[in-house]
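Chain by chain, the residues:
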Amino acid sequence: MLKNYLKIAIAVLRRRKFFTFISLFGISFTLTILLVLTAFIDKVVGDNYPDKKRDRSLYISRISQTGKNTMSSSPPSFYFLDHYVRAIKTPITIAISSGFSGTNTYVNNKKIAVNYKFTNAEYWDVLDYDFLEGKAFNKQQVANSDKVAVISADMKKEYFGDVPNVVGQYIEADNVKYRVIGVVQNVPITSYMTYSDIYLPYTVAKDGGYKSNKGYQGGYYGILLANSKDDIDKIHDEYEQLIKRLPPEQKMFDKVSSHADTYIRSYVDTGDDRHSGVFIVITAISIFAFILMILPTLNLVNINITRIMERSSEIGVRKAFGASSSTLVYQFIVENIILTLLGGAIGVILSVIVLQIINSAHLIANLELTVNFTVLFIGLLVCLVFGLISGVYPAWRMSKLNVVTALKAQ
Amino acid sequence: MIRLQNIEKVYRTDTVETLALNKVSLEIAKGEFLSIMGPSGCGKSTLLNIMGLLDEPSKGDVKIDNQKTDNLSDKQLAQFRNKKIGFIFQSYHLINDLQVLDNVELPLLYRSTTAKERRQLATEALAKVGLSNRVKHFPSQLSGGQKQRVAIARAIVGQPEIILADEPTGNLDSAMGNEIMDILLQLNKNDGTTIVMVTHDENMAHKTHRLVRLFDGSQVQ
């Protein structure tokens, strides 16, 4: 039966080539956009380098203070993380790092844009950076305010060129020379809490903000590492209790809010407790995907109706020889799914090409987008949904066709 | 085998009501070869469609093989047609995208048969109509007479007890028409298949067991 449907589906596709082209173009173009989007989200959400212990980590990316008509929201301060959060009992340790800042440096009169960030020594224990050479700075070096740096592989290449070893050499950033003690694998810029070109001990920060700013808000992120997954809820509760106890810093505020969240939640944290970041992001993506899919779906429905009605003689014959309406609906949906899967296959090929172009254009630092199994699975799912939605209505209309009318239509 | 009682068929539009069949009663015995004649628009094809359960009468009863058919669901009607009735149409109604063998297999797709059985039965049916050498051809590669023979093979592949033929020789020249008629006569004689044929051709009609004439929707002979 399926073989027969397949034969018919292929014959129909070959019969009206322009219609086939329009259908396949609509499907493959839509799928390409969705696959590229999925690859991007999958990379951002799914790639766990360098925070490989995500399942036992909680992230603090934002602290907000709200008053009647006012709100202040930003990443927390070093002091807040080091003084208040460190006091929480259950976590093993806390990684503290600043957001990355940009500066320019010069090598042989060539300007290089450099992003740098400050971290504590525990940062390197909590996160699992792949060291290509050297090692991270330790507590002693942080305490001594040693001018040492861990740099990314791309930074090494750009600053020093193709040399085998750079540990012990000096790199200049923001007019200060730092001794390179380690080189790590690149992190994409989309992992904004862990991305940088140069990592420095927080004690060498020029502005000294880590010392002078005793407020809650600043420009640092914290990652709490639990001993095991089972401790995550406990740490989460302890953190909520801590925040509840904190008095607002100024009279115009009446509430302090902050969360120690899982990676995804913290990634999209808006700092506004009334509107969950996850909800906003999922809604936005769903609306985008819906709008993107609705037009080609309607187009496909339209083309399908025209195509099916052209086959009214066949419908009449099949009905006369024993096909029930439901059998015919099934046949036309299967045919439509074959069409959408074909469009899907073209879409996957197009996606691979588009991703190659995006990757080679270096639009986003260190972001290597790939079509993996998750992306392919979602692509397949989208195709099936697409085929089903655009096939059901035309198939249903066709199945209601009166046999005698259908046979006369030829 | 087929029993029609007081069959009426009325076609209604917003302004006009047309009586296509007016109290037609007909009994066709098992193994009978009946032809229906009459001028164009007299209701011949409508009557055949009602016998084949492709259309419903406005009034009256249709019994096939002693079974009432008015209360059957879409699915049951489909199954009933599939098992009991084979159709032959004037314009063949072959599926141009499928090869001859696939066209003939079509009724068997809606039964629980294996691909191998389907292939075997379709090959046998094509041999019966003398088209064993055309199985891989597409309908567009065949002459009118060959197309109608494929249509006959499709009608008999499921071994139905009844064949309903709507002007099967209408699009063919007399030589090809005679060939088709011979095949139908053989089927009736050798397999005992009940055949009802609508025709405009007196010669063909006189080769059958009985002739029924319609005029303006009423039976006149």
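These lines cover the structure that appears in this document, whether it is placed above or below. (Residues numbered from 1 in each chain as written. Chains lettered and ligands numbered in written order. Predicted model: local features only at pLDDT ≥ 70, side-chain atom pairs only at ≥ 80, totals over all residues.)

Some words on the environment of Gly43(B)
Residues and elements named next belong to chain B. The line we're drawing: Strands here are runs of E lasting at least two residues and helices are runs of H or I lasting at least four, both read from the DSSP assignment and numbered beginning at the N terminus. Labels follow a simple rule on C-beta atoms placed from the backbone: if 20 or more others lie within 10 Å of a residue's own, it is buried; if 12 or fewer, it is exposed; otherwise it is partly exposed. By definition, residues are in contact whenever their C-beta atoms, placed on the basis of the backbone, come within 7 Å of each other.
Within the secondary structure, Gly43 sits in the loop between strand 3 (33–37) and helix 1 (44–51). Residue class for Gly43 comes out buried when judged on the 25 C-beta atoms lying within 10 Å of it. Separated by 23 residues in sequence, Gly43 and Ala20 place their C-alpha atoms 5.4 Å apart. Excluding anything up to four places from it in sequence, Gly43 contacts Ala20, Leu21, Leu214 and Gly217.

Examining unusual backbone geometry
The omega torsion of the bond from Tyr49(A) to Pro50(A) falls at 5 degrees, within 30 degrees of zero and hence cis. As for its placement among the helices and strands, Pro50(A) is situated in the loop between helix 2 (17–46) and strand 1 (57–60). Backbone geometry places Ser145(A), a non-glycine residue, at a positive phi of 55 degrees. Looking at the secondary structure, you find Ser145(A) in the loop between helix 5 (139–143) and strand 8 (148–152). C-beta crowding within 10 Å serves as the criterion here: with 12 such atoms nearby, Ser145(A) is assigned to the exposed category. Residues other than glycine seldom take positive phi values, yet Leu53(B) does so here, at roughly 60 degrees. Overall, the presence of 22 C-beta atoms within 10 Å leaves Leu53(B) in the buried class.

Considering the sheet that holds strand 4 (residues 59–64) of chain B
Residue and element names in this part refer to chain B. Which entries qualify depends on this criterion: DSSP bridges decide pairing: two strands pair if at least two such bridges lie between them. In this description, a line fitted to the C-alpha atoms serves as the axis of each element, helices being fitted only across the stretch in contact, and the angle between N-to-C directions of two axes falls anywhere from 0 to 180 degrees.
With respect to topology, four strands assemble into an open sheet ordered 2-1-4-5, the strand pairing being antiparallel. Each edge of the open sheet carries a strand with a single partner, namely strand 2 (17–28) and strand 5 (67–68). In this sheet, strand 4 lies alongside strand 1 (residues 2–12) in antiparallel orientation, the contact comprising five bridges. By the bridge assignment, Leu4 is partnered in strand 4 with Val62. Relative to strand 1, helix 1 is tilted by about 120 degrees, and along the sheet it contacts strand 1, strand 2 and strand 4.

Topic: the nonpolar core
For clarity, the threshold we go by: The nonpolar core criterion groups buried Ala, Val, Leu, Ile, Met, Phe, Trp, Tyr and Cys residues into a set whenever they are joined through C-beta atoms within 7 Å.
The biggest cluster of nonpolar side chains holds 77 residues, and the ones touching the most others in it are Ile36(B), Val104(B), Ala153(B), Leu164(B) and Val196(B). Val104(B) has contacts with Ala122(B), Ala125(B), Leu126(B), Val150(B), Ala153(B), Arg154(B) and Val157(B), leaving out every residue within four places of it along the chain. Residues Ala121(A), Tyr129(A), Val187(A) and Tyr216(A) belong to the second largest nonpolar core, which totals 57 residues.

What to know about the sheet that holds strand 3 (residues 71–74) of chain A
Residues and elements named next belong to chain A. On the basis of which strands lie adjacent, the open sheet formed by three strands has the order 3-2-13 and antiparallel pairing. Looking along the sheet, the strands with just one partner apiece sit at the ends: strand 3 and strand 13 (255–258). Averaged over all adjacent pairs, the angle separating strand axes in this sheet is 15 degrees, with direction ignored. As paired elements, strand 2 (residues 63–66) and strand 13 share four bridges and run antiparallel to each other. When the bridges of strand 13 are listed, Ile63 appears paired with Ser258.

Some details on the environment of Arg307(A)
Residue and element names in this part refer to chain A. In this structure, Arg307 sits in helix 10 (residues 277–310). Arg307 sits in the buried class, given 22 other C-beta atoms within 10 Å. Sequence spacing of Arg307 and Phe19 is 288 residues, and the spatial spacing of their C-alpha atoms is 8.6 Å.

Observations regarding the interface of chain A and chain B
The condition is simple: In this count, Pro and Cys sit with the nonpolar residues alongside Ala, Val, Leu, Ile, Met, Phe, Trp and Tyr, while Asp, Glu, Lys and Arg are called charged and the others, Gly among them, polar.
Residue-level contacts link 24 residues of chain A with 21 residues of chain B. Put simply, the parts of the chain that give the side of chain A that touches chain B at least two residues each are helix 1 (2–15), helix 11 (312–320), helix 12 (325–361) and helix 14 (403–408) of chain A. Among the residues making up the side of chain A that touches chain B, the classes are represented as 11 nonpolar, nine polar and four charged.

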